[in-house]
Each structure stands twice: as structure tokens, then as C-alpha cells.
Amino acid sequence: AEYRALVERAWQALDDSDDPSVLRAMREQAVRTCGDVDAMVDLLADGLPAPKAYRDIVAALRDAGRLADAVDWAERGVASTRDVALTELLVECYLDAQRGDDAVELRKAALREAPTRHRPT
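Keep in mind that this is a model prediction, so the values were computed, not measured.

> Quick question: what am I supposed to make of the pattern of salt bridges here?
Charged atoms that come close allow side chains of opposite charge to pair. Inspection of the entire model under this criterion finds 16 salt bridges. Note that Arg-32 is salt-bridged to Glu-28, the shortest N-O span being 3.4 Å. Taken together, the positions of Arg-32 and Glu-28, both in helix α2 (residues 21-34) and 4 residues apart, correspond to about one turn of that helix. Note on Arg-32: relative accessible area 54%, which makes it exposed. Two residues, Arg-66 and Asp-69, come together in a salt bridge whose shortest N-O distance is 2.9 Å. The class for Arg-66 is partly exposed, based on a relative accessible area of 28%.

Next up, the structure:
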């Protein structure tokens, strides 16, 4: 707890000339160690609207067994970013949640948005 508090104080003291990457990693490590999923989501949400931030939030929630929350974040991320990897993650979440019809509809929508042509070899 003390380490986490020190890291948070250092984070708050950053200015525009500082490179936040090391402190960001330290913050993530401290939160992971505590196992506080909500704190991890809050921390990762600092990176929004980047698709990776959404993917990391969804992964953290899935790992914690909070599938409904993972689906919610994935849906918001797909709507916000149209990221292909996040769309794939949402399909997986739908399937995990026994929402196969939603997974199929999402795949159809993705295909309509970016149709591909399969050429037999």
C-alpha cells in the first residue's frame, strides 16, 4: 500500500517534460499486485480512447471473471474505435457469455464494413 501511494504521488507530480512510461509501468505493477480490478480499469482508462487501453481493460475484466463488464467495455471500445482486434475480442466475449447470435451479427457487420475477396489457390 505504501509503495502504491508513493508511486501515485510521483505520478501526480509529473510535468509535461517528464517521460511517464516508467511510472505508468510501476502504477500498473502496484495495482496488479493488489488485485484491485476496479483500480486497474481506472488506471487503464487513462489511456482511452486508444484501442489498446480498451483491449487491456476487457482482458483484465475477463481474467477477473467479470464477463458482463468486459462485454460492456468491449462494446464501447468497438463503437468508439472500430479496432479489428477489439472487435475480435468482443466476439470472444459474446461467445463466452453464450451470446452466439450477437457474435454472428457482429461478424456480419464487420464483413459488410470491410468485405474481402477470397481467391482459391
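> Looking at this structure, how should I read the packing of α2 against helix α3 (residues 37-45)?
For any two helices packed against each other, one specifies the crossing angle of their axes together with the interaxial distance. Where α2 contacts α3, the axes come no closer than 9 Å and their chain directions differ by 165°. Between α2 and α3, the angle is such that the two are roughly antiparallel. In the crossing of α2 with α3, the sense of the turn from one axis to the other is left-handed. Here α2 contributes Arg-27, Glu-28, Val-31 and Arg-32 to the contact with α3, which in turn contributes Ala-39, Met-40, Leu-43 and Leu-44.

> Explanation requested: the nonpolar core in the structure shown.
The tendency in soluble globular proteins is for nonpolar side chains to be buried as a group. Membership of the largest hydrophobic core comes to 25 residues, with the highest contact counts inside it found for Val-58, Leu-61, Trp-73 and Leu-90. Those residues in contact with Leu-61 that sit more than four places away from it in its chain are Val-37, Val-41, Arg-66, Asp-69, Ala-70 and Trp-73.

> What is the right way to read unusual backbone geometry from this model?
Looking along the chain, the bond that leaves Leu-48 and enters Pro-49 is cis, with omega of 15°. Mapped onto the elements of the fold, Pro-49 is located in the loop between α3 and α4 (51-63). The residue Arg-82 is not glycine, and still its phi comes out positive at about 60°.

> Quick question: what am I supposed to make of the packing of α3 against α4 here?
The geometry of α3 relative to α4 is characterised by a closest axis approach of 9 Å and an angle of 175° between their N-to-C directions. Compared by their axis directions, α3 and α4 come out roughly antiparallel. When α3 is examined against α4, the residues Val-37, Met-40, Val-41, Leu-44 and Ala-45 are found in contact with a partner set consisting of Ala-53, Asp-56, Ile-57, Ala-60 and Leu-61. Among the residues forming the contact of α3 with α4, the class breakdown is 9 nonpolar, no polar and 1 charged.

> So what exactly am I meant to see when it comes to the side chain of Arg-27 here?
When you line up the elements, Arg-27 lands in helix α2. Apart from the residues lying within four places of it in its own chain, the contact partners of Arg-27 are Val-7, Glu-8, Trp-11, Leu-43 and Asp-46.

> What is the right way to look at a negative patch on the surface in this model?
Taken together, the side chains of Asp-15, Asp-16, Asp-18 and Asp-19 define an acidic patch exposed on the protein surface. Tracing the backbone shows Asp-18 in the loop between α1 (2-12) and α2. For Asp-18, a relative accessible area of 34% gives the class partly exposed.

Rules behind the numbers
- Residues numbered from 1 in each chain as written.
- Predicted model: local features only at pLDDT ≥ 70, side-chain atom pairs only at ≥ 80, totals over all residues.
- Heavy atoms only, no water.
- Salt bridge = Lys/Arg side-chain N within 4 Å of Asp/Glu carboxyl O.
- Helix = DSSP H or I, 4+ residues; strand = E, 2+ residues; numbered from the N terminus.
- Buried < 20%, exposed > 50% of the residue type's maximum accessible area, 1.4 Å probe, protein only.
- Axes fitted to C-alpha atoms, helices over the stretch in contact; angles between N-to-C directions.
- Parallel < 35°, antiparallel > 145°, perpendicular 65-115°, else oblique.
- Left-handed = near helix turned anticlockwise from the far one by under 90°.
- Contact = heavy atoms within 4.5 Å.
- Core = buried A, V, L, I, M, F, W, Y, C linked by side-chain atoms within 4.5 Å.
- Nonpolar A, V, L, I, M, F, W, Y, C, P; charged D, E, K, R; others polar.
- Patch = residues over 30% accessible without salt bridge, like charges linked within 9 Å, V, L, I, M, F, W, Y side chains within 5 Å.
- Areas by Shrake-Rupley, 256 points an atom, 1.4 Å probe, with all protein chains shown as cover.
- Lys, Arg positive; Asp, Glu negative; His and termini not counted.
- Charge placed at Lys NZ, Arg CZ, Asp CG, Glu CD.

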